[in-house]
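# Per-entry structural report
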Amino acid sequence: MKKSFYITTPIYYVNDLPHLGHAYTSFAADSICKYKLLSNYDTYFITGTDEHGQKVENSAKEKKIDTQKFTDQVSARFKNLFQKLKLSNNDFIRTTQKRHKNKVQFIWHKLLNNNEIYLGNYEGWYSVRDECFINESDITINKDNKKIGPSQDILKKVKEPSYFFKLSKWQKPLLNFYKKNKDFVKPLSRYNEVKSFVERGLDDLSISRTSFKWGINVPDNNEHVIYVWLDALFNYISILENGLEKKYWPADVHIVGKDILRFHAVYWPAFLLAAGYELPKTIYAHGWWTIDGKKMSKSLGNVIDPNYLVDTYGIDQVRYFLLKEIPFGEDGNFSEKLLINRINSDLANNYGNLIQRVLSMIQKYNNGFIPKPEKFTDEDISLMSLPEQIYKINNDKMNNYQLNVILENIWQIIRLANSYVDNSEPWNLFKNKNINKLNNALYVLTNTIYKIAILSQPFLPESSKKIFQLLNQKEEIFFNDIKNNIQEGLKLSKPIPIFPRIEKDEK
Ligand code: MSP
């Protein structure tokens with residue numbers, strides 16, 4: 001039986017349209033999911049929209065649209081974007097769906113029955129942008145003498161009755177859990193950050209609000225709506241209907257941005273322990289895309305529309321850039337100039353050029369047929385065996401989701417293959433009628449392209465499909481086939497460029 005692999009993205013707030021930061025998280029999760037699928041796992045990949053809370057309600061009010069209608073519209077924009085990005089998610093959850101609301105109310109009952117909740121009063125400062133209360137120590141004063149939170153928004157004083165979750169009692173169990181499960185939070189620097197946060201002590205958490213209505217009602221007390229983070233986090237379970245929970249829970253990895261790590265690595269496991277669920281295996285926190293050093297976010301007005309980028313440069317091109325340009329886990333600055341440079345150097349000049357020249361030579365020197373190789377030289381053997389070696393190394397890198405390192409390793413093969421073309425000079429072999437050597441070189445190179453396309457499927461899925469088509473292969477090839485060489489004698493059609501150069505003026 002196949003091993004299961006359950007992966008999630010955060011569910012996206014519908015207060016505004018999707019931007020490049022959202023596409024990034026989604027591309028990363030999609031690539032990891034594809035990697036596991038091609039490694040023969042039974043994968044389940046979900047995403048969706050987070051539709052309750054004050055932030056969403058305020059945005060609907062500002063636009064003078066009924067809140068449900070507003071969330072329908074924005075959620076559809078996310079869904080459309082994900083279709084455009086050709087994400088392979090198995091399901092898409094909306095927290096306004098019945099299946100979700102029912103599950104959250106069921107959980108509330110469970111927490112109440114387990115004596116994890118009590119009614120009290122909350123007085124403190126609330127950040128609508130982050131949808132959370134801010135501790136005094138994290139509050140600063142802006143130039144207008146207003147209190148602001150870590151995300152720079154002006155905080156609101158809140159004084160209202162509230163249900164509390166007994167978070168403080170979970171401090172020790174959480175610390176014990178972290179100690180025994182060093183892989184729970186990745187990368188390691190984030191693990192240490194979470195651990196020291198919990199070591200400093202945990203206060204009970206306010207988990208209901210009475211000053212607005214846009215949320216799931218607290219069962220038996222309609223004055224209160226359930227705190228949006230308690231509501232949202234349980235999407236990872238409420239989506240697993242009809243026996244899927246048994247099959248896929250606990251999740252293998254929740255991919256999240258570093259800004260929402262605390263909710264996933266502290267509150268989420270505490271909620272789960274209190275409600276009697278198993279804990280997810282890993283929370284992976286990635287970094288931020290910044291513009292001139294500032295986080296890309298709608299509130300700062302510096303967002304990039306992924307629709308525009310994909311229409312202008314191509315899905316795989318944008319996907320590759322995002323995953324290659326910065327180590328997964330760290331921040332990176334976005335500019336169109338960097339994107340164009342990366343596409344032209346890695347995709348057009350290195351990979352694209354390799355494919356184009358080798359497949360054109362197959363047409364020119366062997367009537368479009370993959371030739372039958374003769375005895376391999378040492379150089380042939382070293383290039384022929386490289387993809388399998390890289391595959392093994394990459395599997396190891398995948399354990400820590402080092403996506404950019406995996407890509408860098410694949411590019412080693414591309415570089416070596418390009419040097420092989422330069423060194424073997426097939427055009428001279430043809431001119432000098434050195435046919436055995438020519439056939440060898442063309443076979444070794446075509447086989448290498450085939451294997452590069454296999455290894456890069458998770459990151460360049462559309463392009464790999466096109467390359468497989470050029471090589472007369474099926475659409476998708478599992479990693480297990482990396483050990484088998486391409487069949488000789490296949491007839492190939494004339495190559496079309498897979499990664500055209502971008503000639504646009506660099507901004
Ligand atoms: N709704 C919550 C998540 C609830 S999960 C149970 C939320 N939504 S969000 O829309 O604000 O952000 C969703 C994800 O997009 C987060 O992982 C966040 O870090 C990511 N990004 C938002 N802006 C980003 C960048 N500028 N760069 C990279 N990722 C960013 O938080």
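All values reported here derive from a predicted model rather than from experimental measurement.

Criteria and cut-off values
Residues numbered from 1 in each chain as written. Predicted model: local features only at pLDDT ≥ 70, side-chain atom pairs only at ≥ 80, totals over all residues. Heavy atoms only, no water. Pairing = 2+ DSSP bridges. Helix = DSSP H or I, 4+ residues; strand = E, 2+ residues; numbered from the N terminus. 1 Å grid on protein atoms, 1.4 Å probe; cavity = no way out; pocket = protein on both sides within 12 Å on 5 of 7 lines; lining within 4 Å. Points joined across faces, edges and corners; volume = space filled by probe spheres on them. Nonpolar A, V, L, I, M, F, W, Y, C, P; charged D, E, K, R; others polar. Domains from an automatic or database assignment. Contact = heavy atoms within 4.5 Å. Buried area = accessible area lost by both parts, 1.4 Å probe. Salt bridge = Lys/Arg side-chain N within 4 Å of Asp/Glu carboxyl O. Polar contact = N/O pair within 3.5 Å; in protein donor to acceptor, adjacent residues only side chain to side chain. Buried < 20%, exposed > 50% of the residue type's maximum accessible area, 1.4 Å probe, protein only. Lys, Arg positive; Asp, Glu negative; His and termini not counted.

Moving on to the sheet that holds strand E18 (residues 294–295). Read across the sheet, three strands follow the order E18-E17-E19 without closing on themselves; strand pairing throughout is mixed. The sheet is open, and its two borders are formed by E18 and strand E19 (332–333), each paired with just one other strand. Sheet analysis places strand E17 (residues 289–291) next to E18, joined by two bridges and oriented antiparallel. Among the inter-strand pairings, isoleucine 291 is bridged to a residue of E18, identified as lysine 294.

The next subject is the pairing of strand E14 (residues 221–226). The sheet contact formed by strand E12 (residues 208–209) and E14 spans two bridges and is antiparallel. When the bridges of E14 are listed, arginine 209 appears paired with valine 225. By the bridge criterion, two bridges tie strand E13 (residues 217–218) to E14 in an arrangement that is antiparallel. Counterpart to valine 218 in the pairing with E14 is asparagine 221. What sits between E13 and E14 in their antiparallel hairpin is a turn of two residues, with aspartate 220 showing a positive phi close to 70 degrees.

A few words on empty space enclosed by the protein. Overall, the coordinates contain one cavity of 30 Å³ or more when judged by the stated rule. Empty space within the largest cavity amounts to approximately 50 Å³. Taken together, 13 residues make up the lining of the largest cavity; nearest its centre are Gly53, Phe212, Ile226, Tyr227 and Val228. Of the residues that constitute the lining of the largest cavity, the class distribution is seven nonpolar, four polar and two charged.

Split into domains, the protein chain comes out as domain 1 (4–286) and domain 2 (336–483). For domain 1 and domain 2, the distance between their C-alpha centroids amounts to 42 Å. Listed per partner, the contact involves 14 residues of domain 1 and 18 residues of domain 2. When domain 1 packs against domain 2, the two sides together hide about 1500 Å² of surface, and 68% of this comes from carbon and sulfur. Our enumeration of links across domain 1 and domain 2 arrives at zero salt bridges. For the pair domain 1 and domain 2, the interface holds five residue pairs in polar contact (both at pLDDT 80 or more). In terms of residues, the side of domain 1 that touches domain 2 owes the most to one element, helix H1 (residues 20–38), which gives seven residues. Split into classes, the residues belonging to the side of domain 1 that touches domain 2 amount to eight nonpolar, three polar and three charged.

Attention now goes to the side chain of lysine 36. Tracing the sequence through the fold places lysine 36 in helix H1. For the buried lysine 36, no salt bridge is present, and the opposite-charge side chain at shortest range is aspartate 252, 7.5 Å distant. Lysine 36 has contacts with Phe5, Tyr41 and Thr43, leaving out every residue within four places of it along the chain.

As a further point, take the environment of proline 161. Among the secondary structure elements, proline 161 is positioned in strand E9 (residues 156–165). Under the relative-accessibility criterion, proline 161 is labelled partly exposed at 37%. C-alpha of proline 161 to C-alpha of lysine 372: the two residues are 211 residues apart in sequence and 79 Å apart in space. In contact with proline 161, not counting residues within four places along its chain, are Gly120, Asn121, Thr210 and His224.

Turning our attention to the layout of surface pockets. In this structure, the second largest pocket spans a volume of roughly 230 Å³. Forming the walls of the second largest pocket are 13 residues, and the residues nearest its centre are Phe5, Lys36, Asp252, Asn399 and Tyr401. Each residue belonging to the lining of the second largest pocket can be placed in one class, and the counts come to four nonpolar, three polar and six charged. Two domains each donate at least three residues to the lining of the second largest pocket, and these are domain 1 (4–286) and domain 2 (336–483).

What follows deals with the pattern of salt bridges. Considering all chains together, one arrives at 27 salt bridges under this definition. Here arginine 342 ties to glutamate 325 by a salt bridge, and the two come within 2.6 Å at their closest N and O atoms. On the criterion of sequence distance, the pair formed by arginine 342 in helix H13 (residues 336–366) and glutamate 325 in helix H12 (residues 315–325) is long-range, its members being 17 residues apart. Between arginine 342 and aspartate 346 there is a salt bridge; the shortest N-O distance is 3.0 Å. Here arginine 342 pairs with aspartate 346, and both are found in helix H13, just four residues apart, close to one helical turn. Taken together, the salt bridges that share partners define one network made up of Lys324, Glu325, Arg342, Asp346, Glu408 and Arg415.

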